[in-house]
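Working through the structure, step by step
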Amino acid sequence: MLQWKKESAGKTALLIKGARRVGKSTLAEEFARREYKSCLKIDFSNASADVMNLFNDISDLNFFFFRLQAFYNVNLERRRSVIIFDEIQLQPKARQAIKHLVKDGRYDYIETGSLLSIKQNVRNIVIPSEETRVNLYPMDYEEFRWALGDKNTLNMLREALVKKMPLSDALNRKLMRDFRLYMLIGGMPQAVLEYLTTNNLAMVDKVKRNILELYDDDFHKIDSRGRTSLLFKAIPAELNRNALRYSVSTVIDGARLDRMYETIGDMIDSMTVNVAYHANDPAAGMALHKDIRRYKMYVGDTGLFVTLAFFDRDYIDNSLYSKLLNDKLRADLGYVYENVIAQMFRAAGNELYYYTFPKETSNHSYKIDFLLSRGDKICPVEVKSSGYKTHASLDAFCRKYSSRISRQYLLYTKDLRKDGNILCLPVYMAGLI
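Summarised in this report is the structure supplied together with it. These numbers come from a predicted model, not from an experiment.

**Quick look at the pairing of strand S8 (residues 353–358)**
Counting buried positions along S8 gives five out of six residues, so the element sits mostly inside the fold. By the bridge criterion, two bridges tie strand S6 (residues 273–279) to S8 in an arrangement that is parallel. Residue pairing across strands places His278 opposite Tyr354, the latter belonging to S8. Strand direction decides the pairing type here: S8 and strand S9 (residues 365–368), joined by four bridges, are antiparallel. Counterpart to Pro358 in the pairing with S9 is Ser365. Counting the residues in the hairpin turn of S8 and S9 gives six residues.

**Digging into the state of the cysteines**
One pass over the full model with this rule turns up zero disulfides. The structure places no disulfide on Cys379, whose sulfur is separated from the nearest cysteine sulfur, that of Cys398, by 10.0 Å.

**A closer look at the nonpolar core**
Of all hydrophobic cores here, the largest spans 114 residues; its most connected members are Phe232, Ile341 and Phe345. The residues touching Phe232, leaving out its near neighbours within four places in the chain, are Leu212, Tyr215, Phe219, Met267, Thr272, Val273, Val299 and Leu308. Leu54, Leu61, Val74 and Tyr107 belong to the second largest nonpolar core, which has 26 residues in total.

**A look at helix H9 (residues 169–185)**
Along its 17 residues, H9 runs 24 Å from first to last C-alpha, staying within 8% of the 24 Å computed at 1.5 Å per residue. Taken as a whole, H9 has its buried residues at Asn172, Leu175, Met176, Asp178, Phe179, Arg180, Leu181, Tyr182, Met183, Leu184 and Ile185. Just downstream of H9, Gly186 is the residue with a positive phi angle, here 85°.

**Details of helix H16 (residues 302–309)**
Of all eight residues that make up H16, seven are buried, and the element is covered over most of its length. Buried within H16 we find Thr302, Gly303, Leu304, Phe305, Val306, Thr307 and Leu308. Capping the start of H16 is the job of one residue whose side-chain oxygen sits 3.1 Å from the backbone nitrogen of Gly303: Asp301.

**Some words on the environment of Pro138**
Turning to its location among the elements, Pro138 is positioned in the loop between strand S5 (131–136) and helix H7 (141–147). For Pro138, a relative accessible area of 12% corresponds to the buried category. Considering only alpha carbons, one finds Pro138 and Leu161, 23 residues apart in sequence, at a separation of 24 Å. Other than its neighbours up to four places away in sequence, Pro138 contacts Val22, Glu143, Gly187, Met188, Gly300, Asp301 and Gln343.

**So, the sheet that holds S8**
Sheet strands pair by backbone hydrogen bonding; their relative direction is either parallel or antiparallel. Ordered by their spatial adjacency, four strands build an open sheet running S7-S6-S8-S9, and the pairing between neighbours is mixed. Two strands bound the open sheet, and with one partner strand each, they are strand S7 (290–299) and S9. Sheet twist, expressed as the mean angle between neighbouring strand axes with direction ignored, is 30°. Sheet contacts for helix H19 (residues 392–400): S8 and S9; angle to S9, the most-contacted strand, approximately 90°.

**Concerning the sheet that holds strand S2 (residues 38–43)**
If you walk across this open sheet you meet the five strands as S2-S3-S4-S1-S5, and the pairing is parallel. Looking at strand neighbours, the two that pair on one side only are S2 and S5, the edges of this open sheet. The mean angle between the axes of side-by-side strands here comes to 20°, regardless of whether they run parallel or antiparallel. Pairing analysis gives four bridges linking strand S3 (residues 81–86) to strand S4 (residues 108–113), with the strands arranged parallel. Residue pairing for S4: Ile84 is matched across the bridge by Ile110. The sheet contacts of helix H2 (residues 24–35) involve strand S1 (13–18), S2, S3, S4 and S5, and relative to S4 the element is tilted by about 165°. Together, S2, S3 and S4 form the strand contacts of helix H4 (residues 61–72), whose direction differs from that of S2 by roughly 85°.

Procedures and definitions
- One numbering rule holds for all chains: residues counted from 1, following each sequence as written.
- The model is predicted, so local features are restricted to residues of pLDDT at least 70 and side-chain atom pairs to those at 80 or more, both for listing and for counting; the totals for chains, interfaces and linings are taken over all residues.
- Side-chain metrics in this entry use all non-hydrogen atoms of the structure; hydrogen atoms and water are not considered.
- Residue burial is assigned from relative accessible area. The probe radius is 1.4 Å, only protein chains are included, and a residue is buried under 20% of its type maximum, exposed over 50%, and partly exposed in between.
- The way it works is that DSSP assigns letters per residue, a run of H or I at least four long becomes a helix, a run of E at least two long becomes a strand, and they are numbered from the N terminus.
- Strand pairing is assigned whenever DSSP identifies at least 2 bridges connecting the two strands.
- By disulfide we mean two sulfur atoms from cysteines, separated by a distance within 2.5 Å.
- Side-chain atoms within 4.5 Å are what join buried Ala, Val, Leu, Ile, Met, Phe, Trp, Tyr and Cys residues into a set we call a nonpolar core.
- Two residues form a contact once any of their heavy atoms are found within 4.5 Å.
- Multiplying one less than the number of residues by 1.5 Å gives the expected span of a helix.
- Polar contact is the term for a pair of N or O atoms within 3.5 Å; when the atoms are in protein, one must be able to donate a hydrogen and the other to accept it, and sequence-neighboring residues count only if both atoms are side-chain atoms.
- Lines are fitted to the C-alpha atoms to define the axes, a helix being fitted only along its stretch in contact, and any angle between axes, read from their N-to-C directions, falls within 0 to 180 degrees.

Pasting the structure below:
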């Protein structure tokens, strides 16, 4: 945001995209408080009809700004003030106006919103090109540790990764306990604040349920037939199947994938999910070879994932909480780790891809959980929910594509170590790769 303010110098508006309740409004207001002499915030979720109607005619910007300052009793100063358009998807004409407001040059503009690309939010407007867009994700693991008052752990882990230095079994056990707490709480600011305030996971679970119900309401608004809601709620079950792709027809009887692309696109735009596409040719430039018919879907926040997996049960019946806290997670619940790794990779700026290929000696397939692009090479990643005994998929992939590989990683729950050419890392290091 500081970089945008310095480099843009008023030539573009800053658009902060993110899921509901991820902290967009709070972030925009805090930035405005620190960086500007004054701030005028329009929250379109509760703006009056008079304010909404201002955007029907912006031909006279002097009059427009005069009325705006009068409505909100805020004094705007040229090049020292910012106007925040909060929940801008609720007033598409305000977004269209950005082109002219930015050209005018008097003030800076910050937009926040979710579901910005669905049809009803862009119908009959011209999308402005004068936007610098940034994505806001749930708090990553480092930010979570900061919230708990820990500013040292991730710096130590960075140094250990650079030096390929084991941490010790005792320290790894402690760090794994810390990381499992992150998996349970997640990175939604309200959930983290509830934990810091009450130290009560039952109360945290209530907060997460409220967020999930809000998402469900949003899904029904954009898809009255309820298909989007069904696809989202089925994510834990689909990952539990350990299948090679998300199966729409398994979730919705008779549904055809080619008729669901818009629905899947709306889910991605909502930023409530992370989607990993199959890379048909696992090499640099995987976007050129992604298969939109084959993908795996993850919940954008693993804390929400844990609650969603047992949404029909009370907190006390949610066995994932006790199993994760006590390190008793069964092998068939390892998809929880896969979800959190997807979240960590996405928060670190990676696009998500995976790869499957058939075994020569059976009808089964090898699966590389994630492929990361690094320069003109790729890094295959296999995820294990416990220790490791074998890593057949990773071995087979590296034999087949040895010339394309930069590094190969196994993410698991034990201490850092080398196993031949494979670097085995504890899962809490995933965001540092």
